[in-house]
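Coordinate inspection notes
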Amino acid sequence: MSDPIVPRNNAMAVAASALKAQQSRMRVIAENIANAESTATVAGGQPYRRQIPVFEARNVDGATGVTLAQVRPDMSDFRSEYDPSHPAANAEGYVLRPNVNSLVEAMDMREAQRAYEANLNVIETARAMDSRILELLKK
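What counts as what
Residues numbered from 1 in each chain as written. Predicted model: local features only at pLDDT ≥ 70, side-chain atom pairs only at ≥ 80, totals over all residues. Heavy atoms only, no water. Pairing = 2+ DSSP bridges. Helix = DSSP H or I, 4+ residues; strand = E, 2+ residues; numbered from the N terminus. Contact = heavy atoms within 4.5 Å. Expected span 1.5 Å × (residues − 1). Buried < 20%, exposed > 50% of the residue type's maximum accessible area, 1.4 Å probe, protein only. Polar contact = N/O pair within 3.5 Å; in protein donor to acceptor, adjacent residues only side chain to side chain. Phe/Tyr/Trp six-rings, centres within 6.5 Å; stacked < 30°, edge-to-face > 60°. Lys, Arg positive; Asp, Glu negative; His and termini not counted. Salt bridge = Lys/Arg side-chain N within 4 Å of Asp/Glu carboxyl O.

So, the pairing of strand β2 (residues 63-73)
Direction of pairing for strand β1 (residues 51-60) relative to β2: antiparallel, over a ladder of 10 bridges. Looking at the pairing, F55 lines up with L68 of β2. Counting the residues that bridge the hairpin from β1 to β2 gives 2 residues, and of these D61 lies at a positive phi of roughly 50°.

Overview of the environment of N32
By secondary structure assignment, the location of N32 is in helix α1 (residues 10-34). Each C-alpha atom of the pair N32 and Y94 lies 22 Å from the other, and the pair is 62 residues apart in sequence. Filtering out sequence-adjacent residues up to four positions away, N32 remains in contact with Y48, R50, Q51, V100 and E105.

Side note on the side chain of D74
Within the fold, D74 resides in the loop between β2 and β3 (79-82). Beyond its immediate chain neighbours, meaning those up to four positions away, D74 contacts R49, R50, I52 and N99.

What about helix α2 (residues 102-138)?
Taking 1.5 Å of rise per residue, 37 residues should cover 54 Å, and α2 covers 54 Å from first to last C-alpha, within 8% of that figure. Here α2 has its buried residues at E105, D108, M109, A112, N119, I123 and A126. Contacts made by the buried residues of α2 are with α1. The N-cap residue of α2 is N101: its side-chain oxygen and the backbone nitrogen of L103 are 2.9 Å apart.

Notes on the packing of aromatic side chains
A full pass over the atoms with the stated rule returns 1 aromatic pair. Ring centres 5.3 Å apart and planes at 65° place the aromatic pair Y82 and Y94 in the edge-to-face group. Highlighted residues: Y82 in strand β3 and Y94 in strand β4 (residues 94-97), separated in sequence by 12 residues. Taking relative accessible area as the criterion, Y82 reaches 53% and is therefore assigned exposed.

Describing the side chain of R49
Among the secondary structure elements, R49 is positioned in the loop between α1 and β1. For the buried R49, which has no salt bridge, the nearest side chain bearing the opposite charge is D74, at an N-O separation of 5.8 Å. Reaching out from R49, the side chain makes a polar contact with the backbone oxygen of D74 at a distance of 3.0 Å. Once you skip the residues sitting within four places of it in the chain, R49 turns out to touch P73, D74, M75, S76, F78 and N99.

Below you can see the structure in the form of structure tokens.
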């Protein structure tokens, strides 16, 4: 059993798991943005397929945190563009483009940044509370 005077602070552990998950999410989003205009390497081939991060709850020091469980492909349709001179064009002259919408990715990135910042604030607040408790116990 824990000492009732010194509370166990799971908030930092939970927030740290969320920081790591959001960092992974930002990496996936950055990869999507970097490949938004890529095409297939062979005629009629498939271009880059957008990736989607999938999170799941996990136990963190007796509390519920989060982790990146997997990154799965977005199975929505590719965009097609008529460009018969392109090396990746199919027999009809169409080039498949990635199913990545840069605007959606930018919004997802901003959301991930805000979540990261919020969890960073949780850690800073928990540290400040711990410091204040230590100061009170010294008196």
